[in-house]
Amino acid sequence: MKNNNNQTFIKNTVFIFGSPRDEILPKDFTDCLDNIIQQKISIFVDDNDDVGCLTQDYCYAKNYFNVTIFSAEIEPKYLATEEFKINTFYQENLSKITLHRNKHLALINHSRYGLFIWNGKTAKVYNQILNAIKNKTLIKVYFLNENERYFLPKERINEKEIEALYRNHNGYSMTEVLEILGIKKFKNAMALNKYLSSKNIIRKDEEMKCYVPMPGYEDLFICDTGYGKPSNPRGNVNFIAFLKSTLKDDEENLVSSEMLFSSDSSLNSQNEFLEPLTVFLDIP
């Protein structure tokens, strides 16, 4: 069943969103889903979201059909059953990026609650969590990675804590580092990477076709962002402090060199002045 997207906020609604896609949803998460189903809360999911697709399957298996699929396409990319409602945001004159952004914001704006699965890495989920927090939507976040599985405590669900989790797993691109430190010395990230290479902090790996940290500097970077494709290292929090200190040392060394040069120049000038006098005094 298709609906237009002119819905307004509904009290007993929850949107479900997340990553990554596993074969089954975690037990703690499905317990939460069972509680939602028991209370007959309306569920909103993204048709192009891994956890949303698994939630569709779970609700269908439970014969729970109070589910609405939010889609940026004319037809949803995934629909577990025709019993679910469809809310399409497709408009021919809008770009895909705009359509998906509108869909993601609508999921938040139409819902009273939000339920996430997040691995700490995925930017799409990170941005959706931040948008929900800014919207003052009541949310729960199930943190799931290779080593940990738990619901984040309520006191940790704020912009500062969520960003810290994201940065611990993803670090900062060199462009972001330049923006954070307000560095004008380097035109772009490529220039910064070349500078780091000249300092023997990173080196170009011709086989991988990207930069890699030099021995002794590995703890300053995050190289494996979990996307399976070699890429230039991203700086962690320690790297930002290290770069700031390194650039400061460069400036101090430059000033010292200029002072030394200036001092040598002055001495040369003085010698040039004294030499004729010395020659004059040596005349018998």
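Residues numbered from 1 in each chain as written. Predicted model: local features only at pLDDT ≥ 70, side-chain atom pairs only at ≥ 80, totals over all residues. Heavy atoms only, no water.

Caption draft 1: Local environment of the nonpolar core. By size, the foremost hydrophobic cluster in this structure holds 24 residues, and its most contacted members are F15, F116, W118, I129, I139, V141 and I162. Secondary-structure elements contributing two or more residues to this core are β2 (13–18), α3 (96–109), β6 (113–118), α4 (123–134), β7 (138–144) and α5 (159–170). Residue contributions to this core peak at six residues, all from α4. With near-sequence residues (within four places) excluded, I139 lies in contact with G114, F116, I129, A132, I133 and I157. Of all hydrophobic cores here, the second largest spans 23 residues; its members include F29, C32, I37 and I43. (Core = buried A, V, L, I, M, F, W, Y, C linked by side-chain atoms within 4.5 Å. Buried < 20%, exposed > 50% of the residue type's maximum accessible area, 1.4 Å probe, protein only. Helix = DSSP H or I, 4+ residues; strand = E, 2+ residues; numbered from the N terminus. Contact = heavy atoms within 4.5 Å.)

Caption draft 2: Summary view of the pattern of salt bridges. Here the structure, examined in full by the defined rule, presents 11 salt bridges. Here D31 ties to K27 by a salt bridge, and the two come within 2.9 Å at their closest N and O atoms. One end of the pair, D31, and the other, K27, are both in helix α1 (residues 27–38), four residues apart, so they sit about a helical turn from each other. Among the residues examined, K27 registers a relative accessible area of 58% and is labelled exposed. With a closest N to O distance of 3.5 Å, K103 and D47 form a salt bridge. Taken together, the residues span a long stretch of sequence, with K103 in helix α3 and D47 in the loop between β3 (42–46) and α2 (50–61) at a distance of 56 residues. For the residue pair K103 and D47, the accessibility class agrees, reading buried in each case. Members of the salt-bridge network, linked through shared partners, are E163, R167, E176 and R234. (Salt bridge = Lys/Arg side-chain N within 4 Å of Asp/Glu carboxyl O.)

Caption draft 3: Region of the structure containing the packing of helix α6 (residues 174–181) against helix α7 (residues 189–198). The N-to-C vectors of α6 and α7 enclose an angle of 95 degrees; their axes lie 8 Å apart at closest approach. Relative to α7, the element α6 lies roughly perpendicular. Contacts between α6 and α7 pair M174, T175, V177 and L178 from the former with A189, L192, N193 and L196 from the latter. Within the contact of α6 with α7, the residues separate by chemical class into six nonpolar, two polar and no charged. (Axes fitted to C-alpha atoms, helices over the stretch in contact; angles between N-to-C directions. Parallel < 35°, antiparallel > 145°, perpendicular 65-115°, else oblique. Nonpolar A, V, L, I, M, F, W, Y, C, P; charged D, E, K, R; others polar.)

Caption draft 4: Region of the structure containing the packing of aromatic side chains. This model, assessed by the stated rule, comprises 15 aromatic pairs. If you follow K140 out to its NZ or CZ, it ends over the ring of F151, 4.5 Å from the centre. Above the face of the Y211 ring, K204 is positioned so that its terminal group lies 5.4 Å from the ring centre. (Phe/Tyr/Trp six-rings, centres within 6.5 Å; stacked < 30°, edge-to-face > 60°. Lys NZ or Arg CZ within 6 Å of the ring centre and 35° of its normal.)

Caption draft 5: Local environment of the confidence of the model for the chain. For the chain, mean pLDDT is 86; residues scoring 70 or higher make up 83% of the total. Segment residues 269–284 is flagged for pLDDT under 50; beyond a separation of four residues in sequence, or across chains, it makes zero contacts in the model. (pLDDT = per-residue confidence, 0-100.)

Caption draft 6: Main features of the environment of T81. Mapped onto the elements of the fold, T81 is located in the loop between β4 (67–71) and β5 (85–88). On a C-alpha basis, the gap between T81 and Q56 in space is 8.3 Å, while along the polypeptide they are 25 residues apart. Sequence-distant contacts of T81, defined by excluding residues within four places in its chain, comprise Y60 and F65.

Caption draft 7: View of the pairing of β6. Counted residue by residue, β6 has five buried out of six residues, so it is predominantly covered. Here β2 pairs with β6 via five bridges, running parallel. Residue pairing for β6: V14 is matched across the bridge by Y113. Handedness of the crossover joining β6 and β7 through α4: right-handed. (Pairing = 2+ DSSP bridges. Right-handed = clockwise from strand over helix to strand, strands pointing away.)

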